[in-house]
Amino acid sequence: MSELKVLFVGPKEGGKSALANFLSDAVQNADNPALAPTRPTVGCRVLEFERTVKRNDQQVKASVEVWDISGDRAYESGWAAARHNALGVVFVYDGDKPGEDKDLEQWHKWFAEPLGLRESQCLVMCHHKGEMTRSFKPPSAKSLSKVHIIQTNLEAKSAVIRDEFDKFLSEVVSASLERREREEQGIIG
C-alpha cells in the first residue's frame, strides 16, 4: 500500500477545509457537503483515509494523509515542518473573490518548490462557495501554468471533484513509487 502525504494550502477562507472534509469523507451524514460547517483551521489538521486509485491499468490502494494547512500567516513558522515528506500539494483559492489567485505564486514557492514537486504532483482548485461564474480565468502564476486547474463547487460538481482528485492521487502514487525505486537503487548501488 502506498502512503501519501498531500498538503492543502492557499489563502485563508478559500475552502480548503470544506474540500478536505468532502474528499476524505470526514463529513458524515451530510445531505449536502457544501452546507457542512467548517471553522478556521488552527495551524493544521490531518485527515487520514484509504483510497483505491488507478495506475497503469492497475488498482493501487493508498493510505492518504491530507494536511489541511491554515492560510493564516500567523502559523507560517510551522509550515516547513508541515510540508516535510509531502508528495503532493493542492492549492485552493476562493474563485468568488477577485484577485484571490494572485498569491498562488508565493504559495507555490513556500510549498511545492522546496519539495521539488513536478507539475503532476500539484493541483489547483478554484473553489466557488456559490454559483460558479461562467467566465473562468486561470491563475496568472507562471509557476502554475502547467499545473492542472479545476473549478470546484460542492453543490454542483461533487462527483467531478472526487474524480479529479483521484486522478491527482494516481499521479502522486506514481511519483511515490518512482521515488521508492530510486531510493532502493541507491541502497543496492
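Going by the structure above, here's the rest.
These numbers were taken from a predicted model, which means no experiment stands behind them.

About the cut-offs
Residues numbered from 1 in each chain as written. Predicted model: local features only at pLDDT ≥ 70, side-chain atom pairs only at ≥ 80, totals over all residues. Heavy atoms only, no water. Helix = DSSP H or I, 4+ residues; strand = E, 2+ residues; numbered from the N terminus. Rg over C-alpha atoms; globule rule 2.2 N^0.38 Å. Buried < 20%, exposed > 50% of the residue type's maximum accessible area, 1.4 Å probe, protein only. Contact = heavy atoms within 4.5 Å. Areas by Shrake-Rupley, 256 points an atom, 1.4 Å probe, with all protein chains shown as cover. Lys, Arg positive; Asp, Glu negative; His and termini not counted. Charge placed at Lys NZ, Arg CZ, Asp CG, Glu CD. Pairing = 2+ DSSP bridges. Axes fitted to C-alpha atoms, helices over the stretch in contact; angles between N-to-C directions.

Draft legend 1. Region of interest: the overall build of the protein chain. The secondary structure content of the protein chain amounts to four helices and six strands. Listing the helices and strands of the protein chain from first to last along the sequence gives β-α-β-β-α-β-α-β-β-α. Against the globule reference of 16 Å for 189 residues, the protein chain gives a C-alpha radius of gyration of 16 Å, in line with a compact fold. Counting the 189 residues in the protein chain, one finds 46% classified as buried. Of the contacts made within the protein chain by residues no fewer than 6 positions apart, 76% connect residues no fewer than 24 positions apart. Surface accessibility of the protein chain: about 10400 Å² in total, with carbon and sulfur atoms responsible for 46%. When the 26 positive and 29 negative side-chain charges of the protein chain are each reduced to one mean point, those points stand 3 Å apart.

Draft legend 2. Just the environment of G88, in detail. Looking at where G88 falls in the secondary structure, it is placed in strand β4 (residues 88–94). Expressed as a C-alpha distance, the spacing of G88 and Q121, which sit 33 residues apart in the sequence, is 4.8 Å. When near neighbours in sequence (up to four residues on either side) are disregarded, G88 contacts K5, V6, L7, L117, Q121, F168 and V172.

Draft legend 3. Structural view of unusual backbone geometry. Residue E13 is not a glycine yet carries a positive backbone phi of 60°. By the element assignment, E13 lies in the loop between β1 (2–9) and α1 (16–23). Of the residues examined, E13 reaches a relative accessible area of 56% and is grouped as exposed. Although it is not a glycine, D57 sits at a positive phi angle of roughly 60°. Structurally, D57 is set in the loop between β2 (44–55) and β3 (58–69).

Draft legend 4. Quick look at the pairing of β3. Examined bridge by bridge, β1 and β3 share seven bridges and lie parallel to one another. Within β3, the position partnered with L7 by the bridge is W67. When β2 meets β3, the two strands line up antiparallel, connected through 12 bridges. Pairing of T52 across the sheet is with K61, part of β3.

Draft legend 5. Broad picture of the sheet that holds β3. Strand order in the open sheet formed by six strands is β2-β3-β1-β4-β5-β6, and the pairing between neighbours is mixed. Here the strands that pair on one side only, and so sit at the sheet edges, are β2 and β6 (148–152). Each neighbouring strand pair of the sheet contributes to a mean axis angle of 25°, computed without reference to strand direction. Where helix α3 (residues 104–115) meets the sheet, it contacts β1, β3, β4 and β5 (122–127), and its direction lies at approximately 170° from that of β4. Together, β1, β2, β3, β4, β5 and β6 form the strand contacts of helix α4 (residues 158–188), whose direction differs from that of β2 by roughly 85°.

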